[in-house]
Amino acid sequence: MYLPTHFAEERPEVLQALMRAHPLATLVTLGTDGLVANSIPLLWSEGGQGHGVLRGHVARANPLWRESRPDVEALVIFQGHQAYVSPSWYPSKAEHGRVVPTWNYAVVQARGALRCVDDETWLRVLLTELTAEHEHTRAAPWSMEDAPADYIGKMLGAVVGVELEIRELKGKWKVSQNQSVSNRNGVVAGLRQEGRRDSADDVAVRIPAEGPS
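Here the structure is a predicted model, which means the values were calculated and not measured.

Draft legend 1. Layout of the packing of aromatic side chains. If you walk through the whole model with that rule in mind, you get one aromatic pair. Aromatic pair Tyr84 and Trp103: ring centres 5.8 Å apart, planes at 70 degrees, arrangement edge-to-face. Of this pair, Tyr84 sits in strand S6 (residues 74-85) while Trp103 sits in strand S7 (residues 102-112), and the two are 19 residues apart along the sequence.

So, in structure tokens, the structure goes:
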């Protein structure tokens, strides 16, 4: 992706946090008919020789696991908070008017070789961990033991695992770093006024006290 230096985010803990907070990723692979994109919730964990490992599963009926090229790396895209930015939020609009709209966003891209895993034991471990990751904050978390064993067995047979050892991990936080401090503060205020506190707080956290103007 196009990645100007001032938008680059390289801190591993920040990139990992976005992948955990926004686990529904776009997995792009090269198949027999060209590029294919699938939306898949992926679980990041430590391991491998690079930046960790991503694991998930697809429906057995999905041709991805049969047709993806093992000799070509896959691309995984995690989209974080994003928002349209109005130039009306910039104090500089009133000063000189030389402002235009833009879009702020945070995104992480991972690359690596994709491995498909057709193994019930592997899948059971993955789904136990994946479920726990998204259920643990609930008052009455669901687990696979809550469903009949034969039903779970049938469901496990209907999916195939995917695993990607991350060779390259890049982050892009385009959050008005190329604007003045007053304009960046205006973006935060504008987002909050529109009820986009999630995006505003993320922007506020990423904006340095000083930076390119």
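Draft legend 2. Structural context of empty space enclosed by the protein. Tallying each qualifying case throughout the model produces two cavities of 30 Å³ or more. Around the second largest cavity, the lining residues are Leu27, Leu42, Leu54, Val76, Leu114, Val162, Glu163 and Leu164. Grouping the constituent residues of the lining of the second largest cavity by class yields seven nonpolar, no polar and one charged.

Draft legend 3. Representation of the nonpolar core. Counting 27 residues, the largest nonpolar core has Leu42, Leu54, Val76, Phe78, Val108 and Trp173 as the members making the most contacts within it. Sorting the residues of this core by element identifies helix H1 (12-21), strand S2 (24-31), strand S5 (53-59), helix H2 (64-67), S6, S7, strand S9 (159-165) and strand S10 (168-174) as the ones contributing at least two each. Among the elements that make up this core, the one with the highest residue count is H1 (four residues). Ignoring any residue separated from it by four or fewer positions in sequence, one finds Val108 in contact with Leu15, Leu18, Met19, Val76, Ile77, Phe78, Leu169, Lys170, Gly171 and Trp173. By size, the runner-up hydrophobic cluster in this structure holds twelve residues, among which are Trp122, Leu130, Ile152 and Leu156.

Draft legend 4. Up close: the environment of Gly31. Note that Gly31 resides in strand S2. By relative accessible area, which is 13% here, Gly31 ends up buried. With 80 residues separating them in the primary sequence, Gly31 and Arg111 have C-alpha atoms 16 Å apart.

Draft legend 5. How the structure looks around the sheet that holds strand S8 (residues 114-117). Reading across the sheet, the four strands line up as S4-S5-S9-S8 and stay open at both edges, with antiparallel pairing between neighbours. Looking at which strands have only one partner, the edges of the open sheet turn out to be strand S4 (43-45) and S8. Shown here is a sheet whose adjacent strand axes are inclined to one another by a mean of 25 degrees, direction ignored. Strand direction decides the pairing type here: S5 and S9, joined by seven bridges, are antiparallel. Across the sheet, the residue bridging to Val58 is Val160, located in S9. Packed on one face of the sheet, helix H4 (residues 120-135) meets S4, S5, S8 and S9 and runs near 105 degrees to S5.

Draft legend 6. Local environment of the environment of Lys170. As for its position among the elements, Lys170 is in strand S10. Residues Lys170 and Glu194, 24 residues apart in the sequence, show an inter-C-alpha distance of 30 Å. Residues contacting Lys170, with those up to four places away along its chain left out, are Met1, Leu3, Val107, Val108 and Gln109.

Draft legend 7. Structural detail: the sheet that holds S2. Overall, antiparallel pairing links the six strands, which are arranged S1-S10-S7-S6-S2-S3 in an open sheet. The open sheet has two edge strands with one neighbour each: strand S1 (8-9) and strand S3 (34-41). Where S7 meets S10, seven bridges bridge the pair, whose relative direction is antiparallel. Residue Ala106 lies in a different strand from S10, and its bridge partner there is Trp173. Strand contacts of H1: S1, S6, S7 and S10, with the helix running at about 85 degrees to S10, the strand carrying the most contacts.

The rules behind the values
- Residues numbered from 1 in each chain as written.
- Predicted model: local features only at pLDDT ≥ 70, side-chain atom pairs only at ≥ 80, totals over all residues.
- Heavy atoms only, no water.
- Phe/Tyr/Trp six-rings, centres within 6.5 Å; stacked < 30°, edge-to-face > 60°.
- Helix = DSSP H or I, 4+ residues; strand = E, 2+ residues; numbered from the N terminus.
- 1 Å grid on protein atoms, 1.4 Å probe; cavity = no way out; pocket = protein on both sides within 12 Å on 5 of 7 lines; lining within 4 Å.
- Points joined across faces, edges and corners; volume = space filled by probe spheres on them.
- Nonpolar A, V, L, I, M, F, W, Y, C, P; charged D, E, K, R; others polar.
- Core = buried A, V, L, I, M, F, W, Y, C linked by side-chain atoms within 4.5 Å.
- Buried < 20%, exposed > 50% of the residue type's maximum accessible area, 1.4 Å probe, protein only.
- Contact = heavy atoms within 4.5 Å.
- Pairing = 2+ DSSP bridges.
- Axes fitted to C-alpha atoms, helices over the stretch in contact; angles between N-to-C directions.

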